[in-house]
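Residue-level structure breakdown
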Number of protein chains: 2
Amino acid sequence: MAFQYLTNVPLEKARDEYIQLLLDSGFSAKTEIIPVERSCGRVSAKAVYAAICAPHYPASAMDGIALSAAATFGAGETSPVTLEEGQFTVVDTGDPIPDGCDAVIMIEDVVRQSDGKVKLFAPAAPWQHIRQIGEDICAGEMILPSHSRISPAAIGSMLAGGVLEVEVIRPIVVGLIPTGDEIVPPTDNPKAGDIIEFNSSIFSSMLKEWGAESICFPIVPDKKELLAAAVKEAVEKCDAVVLNAGSSAGREDFSASVIAEQGGVLYHGIAIRPGKPAILGYCGHKPILGVPGYPVSGIIVMEEFMKPLIDRWYCRCGAAAEYAEATLSRSVVSGLKYREFVRVRMGSVGGKLMATPLNRGSGVVSSFMKADGIIEIPQGLEGYEAGSKVNVKLLRPRQELDNTLVAIGSHDPLLDELNDMLHLSYPDSFMSSSHVGSMGGIMAVRRGETHIAGVHLLDEADGSYNTAFIKRYFPKGGVRLVECVGRTQGLMLQKGNPLGISSVSDLTKEGLRYVNRQKGSGTRILIDYLCKTQGIDSAKIYGYEREEFTHTSVAAQIASGTADAGMGIYSAAKLYDLDFLPVCIEQYDLLIPDYAWDSPIVRRLMDTLQSEDFKKRIGALGGYEISNPGKVRERF
Amino acid sequence: MAFQYLTNVPLEKARDEYIQLLLDSGFSAKTEIIPVERSCGRVSAKAVYAAICAPHYPASAMDGIALSAAATFGAGETSPVTLEEGQFTVVDTGDPIPDGCDAVIMIEDVVRQSDGKVKLFAPAAPWQHIRQIGEDICAGEMILPSHSRISPAAIGSMLAGGVLEVEVIRPIVVGLIPTGDEIVPPTDNPKAGDIIEFNSSIFSSMLKEWGAESICFPIVPDKKELLAAAVKEAVEKCDAVVLNAGSSAGREDFSASVIAEQGGVLYHGIAIRPGKPAILGYCGHKPILGVPGYPVSGIIVMEEFMKPLIDRWYCRCGAAAEYAEATLSRSVVSGLKYREFVRVRMGSVGGKLMATPLNRGSGVVSSFMKADGIIEIPQGLEGYEAGSKVNVKLLRPRQELDNTLVAIGSHDPLLDELNDMLHLSYPDSFMSSSHVGSMGGIMAVRRGETHIAGVHLLDEADGSYNTAFIKRYFPKGGVRLVECVGRTQGLMLQKGNPLGISSVSDLTKEGLRYVNRQKGSGTRILIDYLCKTQGIDSAKIYGYEREEFTHTSVAAQIASGTADAGMGIYSAAKLYDLDFLPVCIEQYDLLIPDYAWDSPIVRRLMDTLQSEDFKKRIGALGGYEISNPGKVRERF
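Residues numbered from 1 in each chain as written. Chains lettered and ligands numbered in written order. Predicted model: local features only at pLDDT ≥ 70, side-chain atom pairs only at ≥ 80, totals over all residues. Heavy atoms only, no water.

**Details of the overall build of chain A**
- When helices and strands are counted, chain A shows 17 helices and 38 strands.
- Against the 2.2 N^0.38 benchmark of 26 Å for 636 residues, chain A shows a C-alpha radius of gyration of 35 Å, more extended than a compact globule.
- Principal-axis analysis of the C-alpha atoms gives chain A an extent of 115 × 70 × 45 Å.
- Burial statistics for chain A: of 636 residues in total, 58% are counted as buried.
- Of the contacts formed within chain A by residues at least 6 apart in sequence, a portion of 77% connects residues at least 24 apart.
- Of the roughly 24200 Å² of accessible surface on chain A, a fraction of 51% belongs to carbon and sulfur atoms.
- Here chain A contributes 62 positively and 78 negatively charged side chains, and the mean placements of these two sets differ by 7 Å. (Helix = DSSP H or I, 4+ residues; strand = E, 2+ residues; numbered from the N terminus. Rg over C-alpha atoms; globule rule 2.2 N^0.38 Å. Buried < 20%, exposed > 50% of the residue type's maximum accessible area, 1.4 Å probe, protein only. Contact = heavy atoms within 4.5 Å. Areas by Shrake-Rupley, 256 points an atom, 1.4 Å probe, with all protein chains shown as cover. Lys, Arg positive; Asp, Glu negative; His and termini not counted. Charge placed at Lys NZ, Arg CZ, Asp CG, Glu CD.)

Next up, the structure:
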């Protein structure tokens, strides 16, 4: 087939053709013979037959005496039979039945006489209380069919059947080649422009979970001849090769042509996002997969192309993914040209399964870690509206989702600590937070999509917190406002305050670069309010439209020197060792709807909030006033 | 707490008290620090926080030019802005943003002039097309809470966040001590009375699947001081110890007293079957579990007591078992004193999930391998009637059960070969056979419990096969009779025919030991018929009441010398190298009810039956006449 450069082939078509091409070229499992004891979890290459019977001798199934049943015929209550020594043998459970014997009588039914003889009051049926040869397994019987996963019990059965070695499918070995001049090994001190090479670690871990082995080759710089040599070596040593990065059509793209020279390229470009620039290459029967450098794209391409090949190798059907119907809490828009995979956080609120789209940046690897599920937007569809029912492929067991506390609202690092404390106390409880600002939290509560919402909304009329907003948005009530913490808001500033900022009005200074929070966040409302009351024209603050979604990310921008000031909480400034100009203490509370109040997960949260441990851990973050966390301030 | 000898404590009570006692004594996870790359599947010991931001520098999100957004303000369609070299920098995706720049313009929107200047027709917003610092992860953010299973994406997130090492829970090490004078290491040539020690292999495989490591100690003979020394050594080296065998109150039982001397015994004897003689012992905070020697009992005791401890060690909730409601195809009787665990084979026939109890012998390890599920009969209940709805704990995914062909009826080794061929051709298809004889198969079809039934029923009136029985039992029709094979039935005899048997009438000879098949099997009907037509009094055949359930097990008894003759098929005689006296060729057919006929799994079976491969493989077994397997003989 001809090499098709940057095609836009539908996923199924590309995958089916790729697998077929490889199978036709001879892609198939290799086998090895290993000791049965070490075969747990492996896949049998052939049917396994028993070599011996189990049990391999007739054995007593009781403690008692073994004898010839014929010698007892005629025995009865009134006509006992007496047997001499030599006519019977005392046996324990598991003992072999002596020659000439074909029955066992339980010790309880034997009357021993002082002269060594025994008296029996009932006849024995031939073969009673004897474990017959082959009761468990007969020699020659098939113990295990071909292509079966070997379980602990199968190991026992094989050993019982005298099978000491078993031919199994040997692990497929996948070579991973990271490429790129800018790529550096994992470090905690990277230079600007360095891209930390963690994809190999992700991929080799995925491969391990799929039962494959991996060889990670050294990072190859963007030099065609070096790349060609690396691919050649990997093809020789491995059953499949993954070439990471360099698979887009950018400046430094040699991957496709290098692969084409080694063998061939079926397609370069698949109609999926993320993952479009995948290269489906091969050298004979060995797949050479070109995987995009962005981790999220790479993970999806590995899932969609490498995993089915590995399943083929092990002659297994991939376990069917679990799907569930969920309600989308935000709309997602998609391009018409691709099938798009969108990662979502999930939670079950009041019996309703919710899915909230995560950051879709293909460089955002943490979104994959946080993802509870994936929705697919088919090619040709523009996306889904908020409130739509969507079919979600679950990445975590449904049971865990049902035990997950959903927190949608204002960001505070204390939510992560709460999550940790909750899970430490209740190992089957989890927490999923989405940071959409206080107003977003109120809306989520109104729509029945969250158990709790962190809120800190300043009423511009009187400077009070939260109550006015709740009355406005919940005129019929149905919610509780639960005390959490007081926290110090202020201006985070470069260490040493080099621009000499001493008030909010200084933010308009020439050359000062501000970084703001998103609209709808309580912190944004606060700075808007401060500007208004102090007569500051926010249009004159450079960077006022530059929006970040968390206190921590605002602090990170300032710490890195790309901004000079931003409004946020003290604990974030402390984390980044920034200067801090306190402005006010605000009330950060939890809004909890009645529909969630009595749920076990909210009960557990309340216990955690009220614990001494909470006070200690949150106190250590700095900038918090903690009096009665978990106390209901007011019921609406 | 006092040592209670051979108690009969309910399972939950015993388990709860045992775990609590160990926790109170200090049973808890130990941790270790390992490289993040190798942490896949491990459990975090503490919350993990990011050391650096990811990205750690502002990076271009596009191929284009980086510049100061301010320099573009005012640009428009009719008023382009021209920038000199030095006012912008060409950047590729991922490149760092140079100092002084705060926006990127896509290369498509840049008009390059021949003099090196560029022309722009639209202004740039500050920070457009720039991946901000910390977009993925902010330094100081919690990446992973405590006690989380580390996924491939979590590894990527940690490495992206500059975390190179992680503190995880180290594997729990469980010592396995096999004991008993009669125990021998796995062998294919055991002596009579030898018991093959495969429990350690089963247990260490189970432990591996639960994430634990195991140390298998050498077999300890039944000498108290040796056992005490072995337990002492294992307690020193391991986090938990399993003492296998010797846990019943029999002759050679030192286990309980040895454990008691090391520390203590909470209970000896649990109200479960199999598994009653379990010993819940300890030495300080280390569990010492006495596990019965019979493999099935041992597996259940490991599942019920060791697994919950291991889950505690790893601070995880055991995955909740999947349950399903099924119809019991045979009644099961249980003692009132115990909670009984009964292993069942399962299959989904016509949308109805069926459960068929397997051999309940606690020595029958193969039953655990064959088991698809487990039903529990609570203490105080006498059992369940056939046809009852029972709640089954599934041991295989529900999806596999739905793809399982159920075969209930007459035994023939070709069924195992068919199973193998079916699964080789269709990796998602499985087959589950129960050998209950031809009449049992007819009854299962009538009750709607099986897809197919192997039948070979001789009509005593005219010597024809199957048709007469089907007409009698299916007066309204609703079934098809599908041709399978002709097979040679005859007398299997000791090698060399030492007793000189030349006809069925010779079976009454003095000293000849016969082994029969169970009532209701086609082979039993055949021998009954032969005796009747030849005027032989079957009461005079010694061993006529000794019943085996398969051709293979009849052959195994003769081969082992515990019987001299038995009726069966040629392939079984051939397998055991026995002499064979052919008696007749009978028709072994498959009865397939209409309710199963169109199901995909039966279609696949038909394809397999009609394949050349079937003829080849079954032909190789010997004694079969194969003309048109898979052909519908008659529809009723």
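The discussion continues.
**Observations regarding the interface of chain B and chain A**
- Counting from both sides, the interface comprises 93 residues of chain B and, opposite them, 94 residues of chain A.
- Carbon and sulfur atoms make up 60% of the area that chain B and chain A hide from each other, which totals about 7900 Å².
- Across the contact surface, chain B and chain A share 2 salt bridges.
- One salt bridge connects Arg149(A) with Glu209(B), and the closest N-O pair in it is separated by 2.8 Å.
- The tally of links from chain B across to chain A stands at 24 residue pairs in polar contact (both at pLDDT 80 or more).
- Among the secondary structure elements, those contributing two or more residues to the side of chain B that touches chain A are strand E11 (142-144), helix H2 (152-160), strand E15 (195-196), helix H3 (199-209), helix H7 (365-370), helix H9 (414-425) and helix H13 (551-560) of chain B.
- The element best represented in the side of chain B that touches chain A is H2(B), accounting for 8 residues.
- Each residue belonging to the side of chain B that touches chain A can be placed in one class, and the counts come to 47 nonpolar, 24 polar and 22 charged. (Buried area = accessible area lost by both parts, 1.4 Å probe. Salt bridge = Lys/Arg side-chain N within 4 Å of Asp/Glu carboxyl O. Polar contact = N/O pair within 3.5 Å; in protein donor to acceptor, adjacent residues only side chain to side chain. Nonpolar A, V, L, I, M, F, W, Y, C, P; charged D, E, K, R; others polar.)

**Remarks on the packing of helix H4 (residues 224-237) of chain B against helix H5 (residues 255-262) of chain B**
Residues and elements named next belong to chain B.
- At a closest axis distance of 10 Å, the pairing of H4 and H5 adopts a crossing angle of 45 degrees. Accordingly, the angle class assigned to the pair H4 and H5 is oblique. In this structure, H4 crosses over H5, and the sense of that crossing is right-handed. Between H4 and H5, the residues in contact are Lys-224, Leu-227, Ala-228, Val-231 and Lys-232 and Ser-255, Ser-257, Val-258, Glu-261 and Gln-262, respectively. (Axes fitted to C-alpha atoms, helices over the stretch in contact; angles between N-to-C directions. Parallel < 35°, antiparallel > 145°, perpendicular 65-115°, else oblique. Left-handed = near helix turned anticlockwise from the far one by under 90°.)

**Looking at the nonpolar core**
- Counting residues in hydrophobic clusters, the biggest one holds 71 residues, and the most contacted among them are Met302(A) and Met306(A).
- Of the residues forming this core, the biggest block, 10 residues, is contributed by helix H6 (residues 295-313) of chain A.
- Setting aside residues no more than four positions away along its own chain, Met306(A) makes contact with Val174(A), Leu207(A), Trp210(A), Ala240(A), Val241(A), Val242(A), Leu289(A) and Val301(A).
- One finds Ile19(B), Tyr267(B), Ile270(B) and Val365(B) within the second-largest nonpolar core, a separate group that totals 69 residues. (Core = buried A, V, L, I, M, F, W, Y, C linked by side-chain atoms within 4.5 Å.)

**Quick look at the sheet that holds strand E5 (residues 81-83) of chain A**
- Strand order in the open sheet made by the 3 strands is E5-E9-E8 (chain A), with antiparallel pairing throughout. Where the open sheet ends on each side, the last strands, each with one partner, are E5 and strand E8 (111-112) of chain A. (Pairing = 2+ DSSP bridges.)

**Observations regarding the relation of the copies chain B and chain A**
- Take chain B, turn it by 180 degrees, move it 0.0 Å along the axis, and it overlays chain A with an RMSD of 0.2 Å. With respect to symmetry, the two chain copies, as superposed, fit the operation of a two-fold axis.
- Comparing interface residues between copies, 100% of those in chain B also lie at the interface in chain A; the contact surface is shared. (Least-squares fit on C-alpha atoms with pLDDT ≥ 70 in both.)

**Here we look at the pairing of strand E13 (residues 173-178) of chain B**
Residue and element names in this part refer to chain B.
- For E13, the tally of buried residues reaches 6 of 6 residues, placing the bulk of the element in the interior.
- By the alternation rule, side chains of E13 split into Val-173, Gly-175 and Ile-177 and Val-174, Leu-176 and Pro-178, which are all buried.
- Here E13 pairs with strand E16 (residues 213-216) via 4 bridges, running parallel. Paired with Val-174 across the strands is Ser-214, a residue of E16.
- By the bridge criterion, 5 bridges tie E13 to strand E17 (residues 240-244) in an arrangement that is parallel. Bridging from a neighbouring strand, Ile-177 pairs with Leu-243 of E17.

**Topic: the confidence of the model for chain A**
- When the pLDDT values of chain A are averaged, the result is 92; 98% of them are 70 or greater.
- Reported confidences for the modelled complex are a pTM of 0.92 and an ipTM of 0.92. (pLDDT = per-residue confidence, 0-100.)

**Things to note about the packing of aromatic side chains**
All names here are of chain A.
- Summed over all chains, the structure comprises 6 aromatic pairs over all chains.
- Between Phe-27 and Trp-313, the aromatic rings sit 5.9 Å apart at their centres with planes inclined by 55 degrees, giving tilted as the arrangement. Here Phe-27, found in the loop between helix H1 (11-24) and strand E1 (31-35), pairs with Trp-313, found in helix H6; they are 286 residues apart in sequence, far enough to count as distant. Judged on exposure class, the residue Phe-27 and its partner Trp-313 are both buried. (Phe/Tyr/Trp six-rings, centres within 6.5 Å; stacked < 30°, edge-to-face > 60°.)

**Examining the pattern of salt bridges**
Residue and element names in this part refer to chain B.
- The final tally for this structure, using the stated rule, is 80 salt bridges over all chains.
- With a shortest N-O distance of 3.3 Å, Asp-402 and Arg-398 are connected by a salt bridge. A residue pair is termed a helical-turn pair when its members lie 3 or 4 positions apart in one helix, as Asp-402 and Arg-398 do in helix H8 (residues 398-402) at 4 residues.
- For Asp-402, a relative accessible area of 37% puts it in the partly exposed group.

**A short note on the pairing of strand E28 (residues 389-394) of chain B**
Residue and element names in this part refer to chain B.
- The side-chain alternation of E28 yields one buried face, formed by Val-390, Val-392 and Leu-394, and one unburied face, formed by Lys-389, Asn-391 and Lys-393.
- Summarising the sheet, strand E22 (residues 323-328) and E28 pair through 5 bridges and their orientation is antiparallel. Note on E28: the bridge partner recorded for Glu-325 is Asn-391.
- Examined bridge by bridge, strand E26 (residues 373-377) and E28 share 3 bridges and lie antiparallel to one another. Note on E28: the bridge partner recorded for Ile-375 is Val-392.

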